[in-house]
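As a plain string of letters, each chain reads:
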Number of protein chains: 2
Amino acid sequence: MNETLNQFKDYLKTMRRYDHVLTLLFWDLSTQAPEKGVETRMDAINYFSTEEFRLSTADEYGQMLKKLSEPEQFDTLDEAMQITVKRYLRDYERYKRIPQDFYSSYAEAKTRSERAWEKAKHSADFTEFAPHLEKVISMTKEYVHYMEPDQDPYEVLLDLYEEGIGSATIDCVFDELKEGLLPLLQKIEDSPRPDLSALEGTYDIQSQKEVQDMLLDYIGFDADAGATAESEHPFTTDLCIGDVRVTNHFKEEDPLSAMFSAIHEGGHAIFGQSIDPAYEGTALEQVNMMGLHESQSRFFENILGRRASFWKPIYAKLGELLPQFQKIPQETFCHAINDVHPSLIRTEADEVTYCLHIILRYELEKAIFRDNIPVNDLPQLWNDKMEELLGIRPENDAEGILQDMHWSDGSFGYFPSYLLGSMYDGMFLEALEKEKGSVDTILEEGRIQEITAWLKENIHRYGSRYTSAEVLEHVCGQKLSAQPLLHYFTEKYARLYGFEA
Amino acid sequence: MNETLNQFKDYLKTMRRYDHVLTLLFWDLSTQAPEKGVETRMDAINYFSTEEFRLSTADEYGQMLKKLSEPEQFDTLDEAMQITVKRYLRDYERYKRIPQDFYSSYAEAKTRSERAWEKAKHSADFTEFAPHLEKVISMTKEYVHYMEPDQDPYEVLLDLYEEGIGSATIDCVFDELKEGLLPLLQKIEDSPRPDLSALEGTYDIQSQKEVQDMLLDYIGFDADAGATAESEHPFTTDLCIGDVRVTNHFKEEDPLSAMFSAIHEGGHAIFGQSIDPAYEGTALEQVNMMGLHESQSRFFENILGRRASFWKPIYAKLGELLPQFQKIPQETFCHAINDVHPSLIRTEADEVTYCLHIILRYELEKAIFRDNIPVNDLPQLWNDKMEELLGIRPENDAEGILQDMHWSDGSFGYFPSYLLGSMYDGMFLEALEKEKGSVDTILEEGRIQEITAWLKENIHRYGSRYTSAEVLEHVCGQKLSAQPLLHYFTEKYARLYGFEA
């Protein structure tokens, strides 16, 4: 009956196939492709990316979207398809405004900039990277100006990674958080640091992999709907709902790194695996809200994974797989995984100081996009803010502004989503405990699957049907607030470090 | 200047990208894709296969090929491009004659037949598979009739897998071989079998993987231009000259299986990795001559890998990785890997009786395609031939006609290439020893890389520039003959089993 709808569904299927193939080409490139095959691989990636862009900006596609948006058609669609048409029409119009030539040269500039960043980071020399960064900044401004000519560029960027939050809200909750965090951090700093020496040693990589598999299984990762591999940096990738994969990076001298990466990426993957299969082929199976996605990885990694109760049912098993842990009392271990201490590198930061790393980046991004601050002033500004927020100062730019790859490839506006995710987690924790009782009790009793089930039921299965703000409203009955996260931090660290909350 | 040539080269690049992607989709499906992702994967494979078929039968492509075939254009092309145009025009015309609908339903029938075969093999029930086999046979006849309406269908099939040999030659050399092999096998059978009990035990899988890597490195596999993984059955796959991958299958109780698979697949891979990079983008980098390809895997596996001299430089290393071998004298080991004895399963057969397994299949394929023998008579015919050639009879069809997948997916005409490969090996061995002296001396002195270099220089680098017959002419100065292989077998086993040659 509805011929356009069927055509549209077929068209989406084809686009999804390109997406599937591109995802696999990248996954394989990061996990397995040998050095001498990289050039051919990059050529294939470029070709199929261009084809995908062509499909997503084709007139034929636009006509279908417009036809389905007309009331007499739109009203006959089910909810998932209505959301899909609305969202994809917006994307279509955005991308259609980008000249193909500009799109290609922007992609090229980003690739060159990424390479320059890698070198610059390696030699801790910002001047090598500066001209590339300058170009990427100006082209990113142009890019979002094409997309949304009437909107503030940074607002558009924020919206790309976490739809519907916006800088007014972020300003407000980040300030709230900063205000609560700085005195808390001071109290933690005034207490003695946990002793980490018991963990020193060399840990067999093969056994670490078995620990990873054990942890993934424990938190609810479905091995029949995913796979694991190794890569330089851990990541999660979705080929389809039935195939969501995680990578890890193992270090002989640091077993905690791979353990918490496994829990973190496992959290992302469980989200991807748990989306309602009925949404397959619609926009709802694609979760581009990075804050919401990050909230799920961080919920497993921090809210659950850094509790004594999380480890209680599996600590003996951990000791079987990595015998060194048999000699480390569980209490010592739980202090070690909650060592809060200012440090220079975001990805190695604890859950508390991590927040300040993000606030720093967010403030700099606003300075870049709103105050047009010269690129050459950025390293100094970074270091000053680091000192202001965390009381430490990088000795070189590799430990400072060059540490993250995000800006090199134009992902401005992405950083805030990490911290939004943590704030959602504070709220989800409250809602979960209100409904199911103490998380510690549930974990201690080995009922972690009830928590995973709660997250699936309330969040995962909907995919991107709801915006993050709507999810918070439904699950927590509240608007975004920093207080629950602050409350969680204060409670937890007062107890762990023995000061008054 | 030559606009058509440039267009053609671009078109080939695009086709190669589809090939790259399809190869990766299959590789990942066999090595890593989880159960729940298979449906989406199969959909992507079907879609991109259809696109590839469309590209290879497009009018636009045919016009380019025809234009480049005209003398005034053709004469300006370099040799690689001339061969490419000739070969691809032939393929284009062949495929163009196949109706798209027939192509799709043939593909579907083969997929269904493969599944039916799997089940039938599992339950050892030929009747389940018979109707599918009948359909695949009749459709394969139709398929090759479309391709080459004026030729004998089985001749066309043979040509698909080993161009330019043909059944007249195969009849002749297979008969020659059979005649020599049967008395040799009788002599071996009359001698005492080697004692294999020293090898019994359980072998750590992780260590077996290290043995694999050691063997691949030893024979000359370039790890920067390839990768390894696990799959149900070992295979080699070429993504490009710089990325040729091998799989293996490890069994705790049988370390020899994975060791010889590694050497075998490594031989295929070294061939793929060693093709002249100047041939990239031409037909010459694609080696569809399965006999020639198989000759390279079997040269490493059998001609080299089953010699005491091959193991001498690495036997101590093998013992380090798998300590059980420290207790097995090298002589016992070398007898064990040369245990010649009639058995029912082709893939588990020794290098001598293997030949007879192929002759059996070749004779049956001729009966199917030339004598139109009814499908239901095939199991009995199989078993009778088995008894005639090897003196043993399968107890059920899983050990008989159902053991191989080849016929289920229409790969009739493929089997002979395995044995042709072995016969080429006999000839290559003669040529190599004539030029470089005793292979045993070279191997004992740890100079195996000189043998690999000789194979690269004389065979690999040319890719498919020459047909197998031309390679034999160039490298050995002779036409195909079974005598060198027979000579190699007789010499070797007379020495090993202590009878008179």
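Heads up: these notes are all about the structure in this document. (Residues numbered from 1 in each chain as written. Chains lettered and ligands numbered in written order. Predicted model: local features only at pLDDT ≥ 70, side-chain atom pairs only at ≥ 80, totals over all residues. Heavy atoms only, no water.)

### Some thoughts on the overall build of chain A
Regarding its fold elements, chain A presents 22 helices and three strands. Here chain A has a C-alpha radius of gyration of 23 Å; the compact-globule value for 501 residues is 23 Å, and the two agree. In terms of overall dimensions, chain A has C-alpha extents of about 65 × 50 × 50 Å along its principal axes. Counting the 501 residues in chain A, one finds 56% classified as buried. Considering only contacts within chain A whose residues lie at least 6 apart along the sequence, 74% involve residues at least 24 apart. Here chain A has roughly 21,100 Å² of accessible surface; of this, 47% comes from carbon and sulfur atoms. (Helix = DSSP H or I, 4+ residues; strand = E, 2+ residues; numbered from the N terminus. Rg over C-alpha atoms; globule rule 2.2 N^0.38 Å. Buried < 20%, exposed > 50% of the residue type's maximum accessible area, 1.4 Å probe, protein only. Contact = heavy atoms within 4.5 Å. Areas by Shrake-Rupley, 256 points an atom, 1.4 Å probe, with all protein chains shown as cover.)

### Description of the packing of helix H1 (residues 3-31) of chain B against helix H3 (residues 59-69) of chain B
All names here are of chain B. In the contact formed by H1 and H3, the axes pass within 10 Å of each other and the chain directions differ by 135°. As far as their axial angle goes, H3 and H1 are oblique. Along this stretch, H1 crosses H3, giving a crossing that reads as left-handed. Contacts between H1 and H3 pair Thr 4, Leu 5, Gln 7, Phe 8, Tyr 11, Leu 12 and Met 15 from the former with Glu 60, Tyr 61, Met 64, Leu 65, Lys 67 and Leu 68 from the latter. For the contact of H1 with H3, the per-class residue count stands at nine nonpolar, two polar and two charged. (Axes fitted to C-alpha atoms, helices over the stretch in contact; angles between N-to-C directions. Parallel < 35°, antiparallel > 145°, perpendicular 65-115°, else oblique. Left-handed = near helix turned anticlockwise from the far one by under 90°. Nonpolar A, V, L, I, M, F, W, Y, C, P; charged D, E, K, R; others polar.)

### Details of unusual backbone geometry
Residue and element names in this part refer to chain A. Even without being glycine, Ala 124 reaches a positive phi, approximately 50°. Along the chain, Ala 124 turns up in the loop between helix H6 (100-123) and helix H7 (126-147). Judged by its relative accessible area of 28%, Ala 124 falls in the partly exposed class. With a phi angle near 45°, Asn 372 is a residue other than glycine that sits in the positive phi range. Looking at the element boundaries, Asn 372 is found in the loop between helix H16 (353-370) and helix H17 (378-390).

### Topic: the interface of chain B and chain A
Chain B puts 35 residues into the contact, and the matching count from chain A is 35 residues. Here chain B packs against chain A, burying approximately 2,900 Å² in sum over the two surfaces, 58% of which is carbon and sulfur. By the criterion of area lost to chain A, the three top residues of chain B are Arg 17, Gln 32 and Lys 36 of chain B, representing 19% of everything that side buries. Here Lys 36 of chain B makes a salt bridge to Asp 222 of chain A, at a shortest N to O gap of 2.5 Å. Taken together, the elements giving at least two residues each to the side of chain B that touches chain A come down to H1, helix H2 (38-56), strand S1 (226-230), strand S2 (236-240) and strand S3 (243-248) of chain B. (Buried area = accessible area lost by both parts, 1.4 Å probe. Salt bridge = Lys/Arg side-chain N within 4 Å of Asp/Glu carboxyl O.)

### Some remarks on the relation of the copies chain B and chain A
Its rotation angle being 180°, the transformation that places chain B on chain A also includes 0.0 Å of axial translation and leaves an RMSD of 0.0 Å. Look at the turn and shift together and you get a two-fold axis relating the two. When C-alpha distances to the rotation axis are compared across chain B, the minimum falls at Val 21 of chain B, with a value of 3.5 Å. The share of interface residues of chain B whose copies in chain A are also at the interface is 100%, consistent with both copies meeting through the same surface. (Least-squares fit on C-alpha atoms with pLDDT ≥ 70 in both.)

### Some points on the state of the cysteines
Tallying each qualifying case throughout the model produces zero disulfides over all chains. Note on Cys 172 of chain A: no disulfide assigned, nearest cysteine sulfur contributed by Cys 355 of chain A at a separation of 16 Å. (Disulfide = S-S within 2.5 Å.)

### Describing the pattern of salt bridges
Residues and elements named next belong to chain B. Under the defined criterion, the tally for this structure stands at 70 salt bridges over all chains. Ionic pairing is found between Arg 112 and Glu 108, a salt bridge with its closest N-O pair at 3.1 Å. A residue pair is termed a helical-turn pair when its members lie 3 or 4 positions apart in one helix, as Arg 112 and Glu 108 do in helix H6 (residues 100-123) at four residues. Residue class for Arg 112 comes out partly exposed when judged on its relative accessible area of 39%. For Glu 108, a relative accessible area of 45% corresponds to the partly exposed category. Asp 440 serves as the salt-bridge partner of Arg 307, at 3.2 Å between the closest nitrogen and oxygen. Taken together, the positions of Arg 307 in the loop between helix H12 (290-304) and helix H13 (308-311) and Asp 440 in helix H19 (residues 439-444) put the pair 133 residues apart, joining distant regions of the chain. A relative accessible area of 11% means that Arg 307 is categorised as buried. Look at Asp 440 and you get partly exposed, because its relative accessible area is 24%.

### As for the pairing of S3 of chain B
Residues and elements named next belong to chain B. Among the six residues of S3, six are classified as buried, and the element is accordingly described as predominantly covered. Neither face of S3 is left uncovered, since the one carrying Asp 243, Arg 245 and Thr 247 and the one carrying Val 244, Val 246 and Asn 248 both have all their residues buried. Bridging between S1 and S3 involves five bridges; their strand directions are parallel. Bridge pairing in S3 places Ala 227 opposite Arg 245. (Pairing = 2+ DSSP bridges.)

### Section: the packing of aromatic side chains
Applying the stated criterion across every chain, the model contains 76 aromatic pairs over all chains. Each ring, one from Tyr 488 of chain B and one from Phe 489 of chain B, has its centre 5.5 Å from the other, and the planes form 35°; the classification is tilted. Phe 489 of chain B carries the same exposure label as Tyr 488 of chain B, and that label is buried. Members of the aromatic cluster, joined through ring pairs, are Tyr 154, Tyr 161, Phe 174, Tyr 354, Tyr 362, Phe 369, Trp 382, Trp 407, Phe 412, Tyr 414, Phe 415 and Tyr 418 of chain A. Positioned over the ring face of Tyr 143 of chain A is Lys 110 of chain A, at 6.0 Å from the centre of the ring. (Phe/Tyr/Trp six-rings, centres within 6.5 Å; stacked < 30°, edge-to-face > 60°. Lys NZ or Arg CZ within 6 Å of the ring centre and 35° of its normal.)

### Considerations on the sheet that holds S1 of chain B
Think of a sheet as strands paired side by side through backbone hydrogen bonds, with each pair either parallel or antiparallel. Residue and element names in this part refer to chain B. Read from one edge to the other, the open sheet built from three strands follows the order S1-S3-S2, with strand pairing classed as mixed. Pairing within the sheet leaves two strands with one partner each, and these edge strands are S1 and S2. The sheet shows a mean angle of 20° between the axes of neighbouring strands, taken without regard to direction. Its contacts with the sheet place helix H10 (residues 205-219) against S1 and S3, and it is angled at close to 150° to S1.

### Focus on the sheet that holds strand S2 (residues 236-240) of chain A
Residues and elements named next belong to chain A. Within the open sheet, the three strands sit side by side as S1-S3-S2. Their pairing is mixed. This sheet does not close on itself; its edge strands, each paired only once, are strand S1 (226-230) and S2. Averaged over all pairs of adjacent strands, the angle between their axes in this sheet comes to 20°, without regard to strand direction.

### Some words on the packing of helix H18 (residues 415-436) of chain B against helix H20 (residues 448-458) of chain B
Residues and elements named next belong to chain B. As a packed pair, H18 and H20 sit with axes 12 Å apart at the nearest point and diverge in direction by 115°. Here H18 runs over H20; the crossing is right-handed. Two secondary-structure elements touch here, H18 through Phe 428, Ala 431, Leu 432, Glu 435 and Lys 436 and H20 through Glu 450, Ile 451 and Trp 454. Residues of the contact of H18 with H20, tallied by class, amount to five nonpolar, no polar and three charged.

### Observations concerning the pairing of strand S3 (residues 243-248) of chain A
When S2 of chain A meets S3 of chain A, the two strands line up antiparallel, connected through four bridges. Note on S3 of chain A: the bridge partner recorded for Cys 240 of chain A is Asp 243 of chain A.

### Re the side chain of Asp 397 of chain A
Residues and elements named next belong to chain A. Relative to the helices and strands, Asp 397 resides in the loop between H17 and helix H18 (415-436). Despite its burial, Asp 397 pairs with no opposite charge, the nearest such side chain being Arg 393 at 8.5 Å. Once residues lying within four places of it in the same chain are set aside, the contact partners of Asp 397 are Phe 126, Pro 379, Asn 383, Leu 402 and Gln 403. (Lys, Arg positive; Asp, Glu negative; His and termini not counted.)

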